[in-house]
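For reference, the chains in residue letters:
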Amino acid sequence: MKRTKLKLSKIGDEPEIFSSIQGEGLNTGKPSIFIRLSLCNLHCVWCDTDYTWNWEGVKHIHNNELRDSYKKYIKREQIIKMSVSSIVNTLADINCRSVVITGGEPMIQQKQLINLMKILKNIDNKYFFEIETNGTFIPTLEFDQLINQYNVSPKLNNSGNNKRLREKSNAIKYFSSSKKSNFKFVVKYREELSEILSFIKRYNITSSKVLLMPEGRTKKELDLKTIWLVELCKQYNFTYSDRLHIRIFGDKRGV
Ligand code: SF4
């Protein structure tokens, strides 16, 4: 077994690996194991996993920093290295074969993930890997052969990221032509629809691959957007994605 280590998000002293149900996207409601990796190449102002990147010394400003009580995270308290073999052992104790690899931006650690997925598939070929990505990295051939589903979430202007950083055309073209991909857009205001329509036209993405998901960290915030977002989905033949974990557990980690 290769001795590679992954950088995972840390809760207390433990890596953020947990079993729950998928709360977003095409597999909503499916029992799944979540592996949350640390690090991100983007800095979305509304990111709900800002502990994976918004550490002391990071120049970018998260919306939460407008609140007096918010402080940037201390990196060593939020990141933990875990060997591939330890992750395999942890997963072996869980009676579930659907794995959601999330972050942060997990595709920063493709090489290590290849090792992890290879070992798990060797143990049981029924392992199903879906990855949540911001769509800025092109998968290697080896990585692609192991992944079952790409949940690509391109970032819009509302994320506060520079377009040059958030829209990598070669990567988007790769995902738009992959049968394994779906595109999940986080929507804050209905005016963002024109930006989404222009994006999917630019990359020739069919409506059947598109999901619209409300931005929100509370049930109330989601409810305010659901009605008009569902209407837009009906109008354009997109799929609505809820955030079921927020409705069930609230904005908590590790659930
Ligand atoms: S790409 Fe995802 S993890 Fe990275 S800052 Fe944006 S929302 Fe957060």
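Before any of the text, the structure's been laid out above.
Presented here is a report on the structure given in the accompanying data block. (Residues numbered from 1 in each chain as written. Predicted model: local features only at pLDDT ≥ 70, side-chain atom pairs only at ≥ 80, totals over all residues. Heavy atoms only, no water.)

Points about the sheet that holds strand β2 (residues 14-15)
Thought 1: Read from one edge to the other, the open sheet built from 3 strands follows the order β2-β1-β5, with strand pairing classed as antiparallel. Each having just a single partner strand, β2 and β5 (79-83) make up the two edges of the open sheet.
Thought 2: Here strand β1 (residues 5-11) pairs with β5 via 5 bridges, running antiparallel. Bridged to S9 within β5 is I79. (Pairing = 2+ DSSP bridges. Helix = DSSP H or I, 4+ residues; strand = E, 2+ residues; numbered from the N terminus.)

Some points on the pairing of strand β6 (residues 98-102)
Thought 1: Most of β6 is tucked away: 5 of the 5 residues are buried.
Thought 2: In β6, alternate side chains face the same way, and those of S98, V100 and T102 on one face and V99 and I101 on the other are all buried.
Thought 3: With 4 bridges joining them, strand β4 (residues 31-36) and β6 adopt parallel strand pairing. When the sheet's bridge partners are listed, R36 is paired in β6 with T102. (Buried < 20%, exposed > 50% of the residue type's maximum accessible area, 1.4 Å probe, protein only.)

As for the sheet that holds strand β10 (residues 210-214)
Thought 1: Taking strand neighbours across the sheet as the criterion, the 8 strands line up as β3-β4-β6-β7-β8-β9-β10-β11 in an open arrangement whose pairing is mixed. Both edges of this open sheet fall to β3 (17-21) and β11 (239-240), since each of them pairs with a single strand only.
Thought 2: Strands in contact with helix α3 (residues 110-123) are β4, β6 and β7 (128-133); relative to β7, the strand with the most contacts, it is inclined by about 160°. (Contact = heavy atoms within 4.5 Å. Axes fitted to C-alpha atoms, helices over the stretch in contact; angles between N-to-C directions.)

Focus: the environment of V152
Thought 1: Among the structural elements, V152 can be located in strand β8 (residues 149-152).
Thought 2: Take V152: its relative accessible area is 0%, and that puts it in the buried class.
Thought 3: Here the alpha-carbon distance between V152 and F185, two residues 33 residues apart in the chain, equals 8.4 Å.
Thought 4: Not counting residues within four places of it along the chain, the set of residues in contact with V152 comprises T133, N134, G135, F175, S181, N182, F183 and K184.

Examining the packing of aromatic side chains
Thought 1: A complete count under the given rule lists 9 aromatic pairs for this structure.
Thought 2: Measuring from centroid to centroid gives 6.3 Å for Y51 and Y73, while their planes differ by 85°, and the two rings are edge-to-face. Remark: Y73 occurs in the loop between β4 and α1 (75-78) and Y51 occurs in the loop between β4 and α1; sequence separation between them is 22 residues.
Thought 3: Look at Y73 and you get partly exposed, because its relative accessible area is 22%.
Thought 4: Relative to F129, the ring of Y127 lies with its centre 5.9 Å away and its plane at 5°, an arrangement referred to as stacked. (Phe/Tyr/Trp six-rings, centres within 6.5 Å; stacked < 30°, edge-to-face > 60°.)

Some remarks on α3
Thought 1: Along its 14 residues, α3 runs 20 Å from first to last C-alpha, staying within 8% of the 20 Å computed at 1.5 Å per residue.
Thought 2: Where α3 is concerned, the buried positions are Q110, L113, I114, N115, L116, M117, I119, L120 and K121.
Thought 3: Taken together, the buried residues of α3 touch β1, β4, α2 (84-92), β6, β7 and α4 (141-146). (Expected span 1.5 Å × (residues − 1).)

Some details on the site of the ligand
Thought 1: Every residue near the ligand is listed here: C40, L42, H43, C44, W46, C47, T49, W53, G104, N134 and K155.
Thought 2: In the shell around the ligand, the residues fall into 6 nonpolar, 4 polar and 1 charged. (Near = heavy atom within 4 Å. Nonpolar A, V, L, I, M, F, W, Y, C, P; charged D, E, K, R; others polar.)

Some details on a nonpolar patch on the surface
Thought 1: There is a patch of nonpolar side chains on the surface, built from I248, F249 and V255 and spanning about 220 Å² of accessible area.
Thought 2: Along the polypeptide, F249 turns up in helix α9 (residues 244-249). (Patch = residues over 30% accessible without salt bridge, like charges linked within 9 Å, V, L, I, M, F, W, Y side chains within 5 Å. Areas by Shrake-Rupley, 256 points an atom, 1.4 Å probe, with all protein chains shown as cover. Salt bridge = Lys/Arg side-chain N within 4 Å of Asp/Glu carboxyl O.)

What to know about the environment of V100
Thought 1: Assignment of secondary structure puts V100 in strand β6.
Thought 2: Relative accessible area serves as the criterion here: at 0%, V100 is assigned to the buried category.
Thought 3: Separated by 85 residues in the primary sequence, V100 and P15 have C-alpha atoms spaced 15 Å apart.
Thought 4: What V100 contacts, discounting residues up to four positions off in sequence, is Q22, S32, I33, F34, I35, E130 and E132.

Quick word on a positive patch on the surface
Thought 1: Together, K5, K7, K75 and K81 make up a positively charged patch on the protein surface.
Thought 2: Inspection of the secondary structure assignment puts K75 in helix α1. (Lys, Arg positive; Asp, Glu negative; His and termini not counted. Charge placed at Lys NZ, Arg CZ, Asp CG, Glu CD.)

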